[in-house]
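Working through the structure, step by step
The lines below spell out each chain.
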Amino acid sequence: MSQTFRDPQGGGSLIVAWQAKSRSILIVGGGSVAAGRAFNALEADANVTVVAPELCPELAYRASAKQIAWHPRKFEDDDLKTADMVLTAISDAAESRRIADLCHSQRIPVNAADINDLCDFWFMSTHRDHSVQIAVSTNSKAPRLANRIRRQIASALPRGTGLAVDKIGNLRKRIREADSKPENSKRRMTWLTQLCDYWPIEQLAKLDNDNIDMLLDAYVQNHDPQSIRIPSDAMSSSSSGMPSPILKSQTDSIPAVEPRKGRLVLVGAGVGDPELLTVRAHNILKQADIVLADKLIPEPVLEIIKCEIYTARKFPGVATEAQEDLYRRGLEELAQGKCVVRLKQGDPFVYGRGGEEILFFRQHGYEAEVVPGLTSAINGPGLCGIPVTHRGVADQVLVLSGANRNGDLPTVPPYLATRTLVILMAVKRLNRVVELLREREFPAELPVAIVERAGCADQRTVRGTLKTIMDIVEQAGHNPPGLIVAGHAVNLLSDATIQDHFLDPTTSGLQSTE
């Protein structure tokens, strides 16, 4: 299969995080713009020198506190001798141009405030939270709009994001100290990647030194990050709203009751796009008094809900307790005669534990209505241009789970050329899945696709073969949740290695007449 790759769009900036620690940054100007530049440079641990006859109050404070060096005069050409970067923030455009020309002749990167054509780079709208820095650039088109975009991004971040990053950085350092062998670098990276992908940011932010010690021990003992449980009373106190784990014995004590007037509806949320919800699902969500939602329900679906949303906190190690917490909340609301919607990702009965929930509530006197949803097992591939059946190519589909109850991989029947195999919840174990299929004599050149976040605006498909898919995913990365599709139907409509533009005919493999 000849690989194809996306074409560069052009017109952008090369976004980098420049390590300015101990570098010399010269700022020409003493006003508020220069003060902002100085603050940014100091945050990067640079050595800052300001050249200006006078200073604004902020720069005067920094000079008196010896945070910056100040030369109380106008710029002189010799000021460039020790400069690694120059920032001009003066009202004299001709002088700014002269300084910029001098910098260019000496290959010193320069930024001239409000004169874009002189700039080797420009400053972006930034958000800082501990070690997290987020920058937004409109490539000088709309700086004010960049600020608005930055604020919206920052407001959407989970609480404690910066703390979580610092805690992971601490753990990463500890792991490298405990296991410094170069040949184990991939193991270290894989283990930390799983921890970062599957633990909620709010929980990571609550880690204390004892918790980090526990995680380090888990790494040394080669425990799967998803199987690790840190008791809630061992976590640092936080205002993140994470519920304390609830023991199963607590729900065992809830007596069975006679049916009440409360209404329970089990609704499938489908694959991510609210327009792909059924009409009945839309109507039920409008009638709900409370929605008990899975953690992975996409934000666009949650946005159409107007009542209270109670989210399952199924972080690694306490999934069972989180399920029991939902049961308890559901019974409490039903006992008050409310319309309770249990909103589950995909279809409730396709690896969704929907049957278990119906049996639980039936035991306590409530019979659930069921509103099916589109399952990612069939519709996920379809949204990404992969028909799971096709006349003359694939006449059957086998759907398996890669996360069985005991953590075992599924039992896979012998290879059949006309079968499409769909494996859910298994991308993190791709290497074992590939080994398993090769053991069952699946051919090395069999087309394989990783379908990520199907139905969401950032859906992506990564294609390869059983032989190449691991290397391709390692290079391209993975954005969970995702599923694996294997079979000859994978490349029928497209053989693009990576598709990452939502419903764009030029990249999804569909034919465009334009």
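See the structure printed just above.
Below: a short report on this structure. Bear in mind that the values here come from a model prediction, so they are computed numbers and not experimental data.

**A short note on the sheet that holds strand S18 (residues 498-499)**
Strand order across the open sheet formed by six strands is S13-S14-S17-S15-S16-S18, with mixed pairing between neighbours. Looking at strand neighbours, the two that pair on one side only are strand S13 (396-401) and S18, the edges of this open sheet. In terms of strand pairing, S13 meets strand S14 (residues 419-424) through six bridges, oriented parallel. Paired with Ser 401 across the two strands is Leu 424, which belongs to S14.

**Here we look at the packing of helix H5 (residues 161-178) against helix H8 (residues 209-220)**
A pair of packed helices is characterised by two quantities: the angle between their axes and the separation of those axes. Following both chains from N to C, one finds H5 and H8 inclined at 45°, their axes separated by 10 Å at the closest point. Relative to H8, H5 is oriented oblique. Note on packing geometry: the crossing formed by H5 with H8 is right-handed. Within the contact between the two elements, H5 uses Lys 167, Asn 170, Leu 171, Arg 174, Ile 175 and Ala 178 and H8 uses Asn 209, Ile 212, Asp 213, Leu 215, Leu 216 and Tyr 219. Split into classes, the residues belonging to the contact of H5 with H8 amount to seven nonpolar, two polar and three charged.

**Structural notes on the side chain of Thr 465**
Here Thr 465 shows up in strand S16 (residues 460-465). Setting aside residues up to four positions removed in sequence, Thr 465 forms contacts with Ala 444, Glu 445, Leu 446, Pro 447 and Val 448.

**Details of the pairing of strand S1 (residues 24-28)**
Among the five residues of S1, four are classified as buried, and the element is accordingly described as predominantly covered. Since S1 and strand S2 (residues 47-51) lie parallel, the crossover through helix H1 (residues 32-43) that links them has a hand, and here it is right-handed. One ladder, built from four bridges, connects S1 with strand S4 (residues 85-88); its direction is parallel. Across the sheet, the residue bridging to Ile 27 is Leu 87, located in S4.

**A look at the packing of H1 against helix H2 (residues 57-64)**
As a packed pair, H1 and H2 sit with axes 8 Å apart at the nearest point and diverge in direction by 40°. In terms of axis orientation, H1 runs oblique to H2. H1 and H2 meet at a crossing whose hand is left-handed. Contact residues: Ala 34, Ala 35, Ala 38, Phe 39 and Leu 42 in H1; Glu 58, Leu 59 and Arg 62 in H2. Grouping the amino acids of the contact of H1 with H2 by side-chain chemistry returns six nonpolar, no polar and two charged.

**Side note on unusual backbone geometry**
The peptide bond linking Pro 480 to Pro 481 adopts the cis configuration, its omega dihedral lying at 0°. Phi angles above zero are rare outside glycine, and Arg 107 is one such case at about 60°. Within the secondary structure layout, Arg 107 lies in the loop between helix H3 (93-105) and strand S5 (110-112). The phi dihedral of His 130 falls on the positive side, at around 55°, and the residue is not glycine. Inspection of the secondary structure assignment puts His 130 in the loop between strand S6 (125-129) and strand S7 (132-136). The exposure class assigned to His 130 is partly exposed, which follows from its relative accessible area of 41%.

**Let's talk about the pairing of S7**
The sheet contact formed by S6 and S7 spans five bridges and is antiparallel. Bridge pairing in S7 links Ser 125 to Val 136. Where S6 folds back on S7, the antiparallel hairpin that results is connected by two residues, among which His 130 adopts a positive phi of roughly 55°.

**Describing a nonpolar patch on the surface**
The grouping of Leu 14, Val 16 and Trp 18 at the surface amounts to a nonpolar patch, some 360 Å² of accessible area in total. Structurally, Val 16 can be placed in the segment before S1.

Conventions and cut-offs
- Residues numbered from 1 in each chain as written.
- Predicted model: local features only at pLDDT ≥ 70, side-chain atom pairs only at ≥ 80, totals over all residues.
- Heavy atoms only, no water.
- Pairing = 2+ DSSP bridges.
- Helix = DSSP H or I, 4+ residues; strand = E, 2+ residues; numbered from the N terminus.
- Axes fitted to C-alpha atoms, helices over the stretch in contact; angles between N-to-C directions.
- Parallel < 35°, antiparallel > 145°, perpendicular 65-115°, else oblique.
- Left-handed = near helix turned anticlockwise from the far one by under 90°.
- Contact = heavy atoms within 4.5 Å.
- Nonpolar A, V, L, I, M, F, W, Y, C, P; charged D, E, K, R; others polar.
- Buried < 20%, exposed > 50% of the residue type's maximum accessible area, 1.4 Å probe, protein only.
- Right-handed = clockwise from strand over helix to strand, strands pointing away.
- Patch = residues over 30% accessible without salt bridge, like charges linked within 9 Å, V, L, I, M, F, W, Y side chains within 5 Å.
- Areas by Shrake-Rupley, 256 points an atom, 1.4 Å probe, with all protein chains shown as cover.
- Salt bridge = Lys/Arg side-chain N within 4 Å of Asp/Glu carboxyl O.

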